[in-house]
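# Topology and contacts: notes
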Amino acid sequence: MPAVHHKLLLEDALHDSPQTRSLLSVFEEDALNLTDYTNKLLQTMQRVFGAQSEMGLATEQLAQQLLDYEKKNFALGKGDEEVITTLQSFAKTVGELNSLHSELANQMADNMVFPLIQFREKDLTEISTLKEIHSIATDEHEAAMVKYSRLPKKRENEKLKSDLMKEVAYTRRKQHSSSLQYYCALNALQYRKRVAMLEPMLGYTQAQINFFKKGIELVSKKMDNFLTSVSKMTQSIQTQLDCEAETMRGSQRELLSVDDSVYTPDHDQDSVNRTLIQKAGYLNIRNKTGLVTTAWDRLYFFTQGGNLMCQPRGAVAGGMVLDLDNSSVMAVECEDRRYCFQITSSTGKTSMILQAESKKEYEEWICTVNNISRQIYLTDNPEAVAIRLNQTAIQAVTPITSFEKRQEGAPNPDRAKPGGVHVSGGSQKSAPEPEDLIAPGTPIQFDITLPASEFMDQNRGGRRTNPFGETGEEGLSESDDSLLQQVFEVRFLGSMAVRCGNNQEVIYEAMRQVLAARAIHNIFRTTESHLMVTSNDISPLACFFQFQLGDVCQFAAHQENGRLMGFVVEGRDWSEGEDEGQPAFSAYIFESNTEGEKVCYTINLAKDITEAKKDPEALAQLMKNMPLTNDGKFLLLESEVGEEPEGASQEDLESEA
């Protein structure tokens, strides 16, 4: 007798992956199909038992039911060919003995009806009960995970956290135990159904032979060998069932003897793998349910090629959620939840916020998406490329996390002089290489600003205080005379020394290196601040310095992610002791809450005003063409700076200090 080819692996019960659930659904469907078939077969046998006067018709219908077993097309029916052949032989025998079934009530009650009733009431009912217990345990685990996912991060309560972790571990163990019992019962059912299908018919045929004496010799000679083989077949199946049951009990004991850390969330002991190009697991995704309301759903996500896929519960296969090629990923603060990160498509039009279960999962998902966005998976050996890029990036990018450290390391004798991109005479100018724009190994500074709320608390009404004790009234009066004052909410991402200031490509390369450095060194947090653009200078409001507008030689917004913008500032490098110093350039990268083009438009307008101030007639013409506010300052119109969100008032569009 061939062994059962389809089994639920007990080792997969704890992970509860969609693949395991999909296979479990096949077993459940098979069990429902078997229950339906068993009920019909039992009804037919009871009709044979109760309708002696119509025995011929009943046995004919029984033979037909035996033939229908092959037509049921059980999903796990591989290996049942011998059972099907045996049932077909039984059906033929039943047809031949049709006229001899008149006094078989007692024999059929004991040898035919009872075993099938026992199979239905014991085995199939057990499957139904275990299914309900498994469903309840799964729901309790999901509810515990929802509570744990809502655990606040800012005001962490150790007792509440401990209670929720114990509750998650308890429900996870309960789900694991119920899953193991359910899987074992479903695996055993594949053996028991074979015995249950064959044993009643064996008893029925033996009762027929024992009861009828007339023609017994003819019948027994034809069927002795057949019945003996069927009996040996059922014994073989029973032996296989006993061995498999013992093996599953041993595996169950071994799997349940693991340490409690397996069930405890956020208890990963392995180090973070930053070179992954594939990742799969459960994540919470935030969905909008209204204008201001959101809901979180726990779904199974996995990567396939350059796509992020999602497979809901009960789905046979996953569907694509987002194209990860050239996408961006960063950590975010969202609804006081832990381990949240945001993935934004290459166009910037599609983004989603996800929450991981643990810190290790959180960091690995961010690294995996970052690796996939570089299209490493398209290379011949993506794992080796990911490892090499990660090591190269760590060696090439040295983060500086304070303004003071940047000042100490500002002079860079290895940096090439400005205008490092040279073109031979008469040849067409080609795109500069990254090394021509930024020297390899150039340090990156990640913070120059204070939080916006802290800045406002220190400066009472928006007035900046001087750290050296001066009043700063002169600076304020100069700012009041400015014809343009516009404040933008921005987040400073980083700054670094660059080799030239006459090419916008240097800004794009600085953006790439700053974002890559943040991802590699896990610097995902950014502080919201303000950037004020006037007709005199550009000032980060939370810092004690400003950039003169004449020193800003380049500014540009990112070509694909419209919220990124940056500018290059020209200064002087006195490290070589020259009287006038050598020109030195620095790139500053920001992320705006609105479109970066709006910031660039404002800087360009400020430069136009600065140039127009040199010629009174040009200034008058410029002020005539541009709308002004009541106090004579330039007003930025919506049609010139891009679309504004609905409901934005005129005060939001007007320039203000």
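Cut-off values and rules
- Every chain is numbered independently, its residues counted from 1 as its sequence is written.
- Per-residue local features are limited, in this predicted model, to residues with pLDDT of at least 70; the limit for side-chain atom pairs, both in listing and counting, is 80 or more; totals at the level of whole chains, interfaces and linings are taken over all residues.
- Note: side-chain values were computed over all heavy atoms of the structure, leaving out hydrogens and water.
- The way it works is that DSSP assigns letters per residue, a run of H or I at least four long becomes a helix, a run of E at least two long becomes a strand, and they are numbered from the N terminus.
- Take the number of residues in a helix, subtract one, and multiply by 1.5 Å to get its expected span.
- Relative accessible area decides the class of each residue, using a 1.4 Å probe on protein chains only: under 20% of the type maximum gives buried, over 50% gives exposed, and in between gives partly exposed.
- Pairing of aromatic side chains requires ring centres within 6.5 Å, counting the rings of Phe and Tyr and the six-membered ring of Trp. Pairs whose planes differ by under 30 degrees are stacked, by over 60 edge-to-face, and all others tilted.
- Where helices are involved, their axes are fitted lines through C-alpha atoms of the stretch in contact, as for all axes, and angles between N-to-C directions lie from 0 to 180°.
- Angles below 35 degrees are treated as roughly parallel, those above 145 as roughly antiparallel, those between 65 and 115 as roughly perpendicular, and all remaining angles as oblique.
- For a crossing to be left-handed, the near helix must be turned anticlockwise from the far one by less than a right angle; the clockwise case is right-handed.
- Residue classes follow a fixed rule: Ala, Val, Leu, Ile, Met, Phe, Trp, Tyr, Cys and Pro count as nonpolar, while Asp, Glu, Lys and Arg count as charged, and any other residue, Gly among them, counts as polar.
- We treat two strands as partners when DSSP finds at least two bridges between them.

Next up on the list: helix α14 (residues 596-613). In this model α14 runs 26 Å from its N-terminal to its C-terminal C-alpha over 18 residues, within 8% of the 26 Å that 1.5 Å per residue would give. Residues G596, K598, V599, C600, T602, I603, L605, A606, I609 and A612 constitute the buried set of α14.

As a further point, take the packing of aromatic side chains. The tally for this structure, following the rule as stated, stands at 12 aromatic pairs. Taking 5.4 Å as the distance between ring centres and 65 degrees as the angle between the ring planes, the aromatic pair formed by F492 and F590 counts as edge-to-face. Of this pair, F492 sits in strand β10 (residues 485-498) while F590 sits in strand β16 (residues 582-592), placing them 98 residues apart in sequence. Here F492 matches F590 in class, with each residue buried. Centroid distance F547 to F567: 5.6 Å. Interplanar angle 70 degrees. Geometry classified as edge-to-face.

What follows is about the packing of helix α1 (residues 18-50) against helix α4 (residues 105-149). Relative orientation of the contacting elements α1 and α4 amounts to 155 degrees, with a least axis distance of 10 Å. One element, α1, and the other, α4, form an angle in the roughly antiparallel class. Crossing of α1 over α4 shows left-handed handedness. Class assignment for the residues of the contact of α1 with α4 results in 18 nonpolar, 6 polar and 4 charged.

Okay, the side chain of K360 next. Within the fold, K360 resides in helix α7 (residues 359-373). For K360, a relative accessible area of 16% gives the class buried.

This part is about the pairing of strand β7 (residues 351-355). Extensive coverage of β7 is indicated by the burial of 4 of its 5 residues. Bridge count for strand β6 (residues 340-344) against β7 is 5 bridges, and the pairing is antiparallel. Residue pairing for β7: T344 is matched across the bridge by S351. In textbook terms, the turn of a hairpin is the stretch between consecutive antiparallel strands, and for β6 and β7 this stretch comprises 6 residues, one of which, G348, has a positive phi near 80 degrees.

This paragraph deals with the sheet that holds strand β2 (residues 294-304). Taken in spatial order, the 7 strands of this open sheet run β4-β3-β2-β1-β7-β6-β5, and their pairing is antiparallel. The two strands at the open ends of the sheet, each matched to only one other strand, are β4 (319-323) and β5 (328-331). Neighbour-to-neighbour, the strand axes of the sheet open up by a mean angle of 40 degrees, direction not taken into account.

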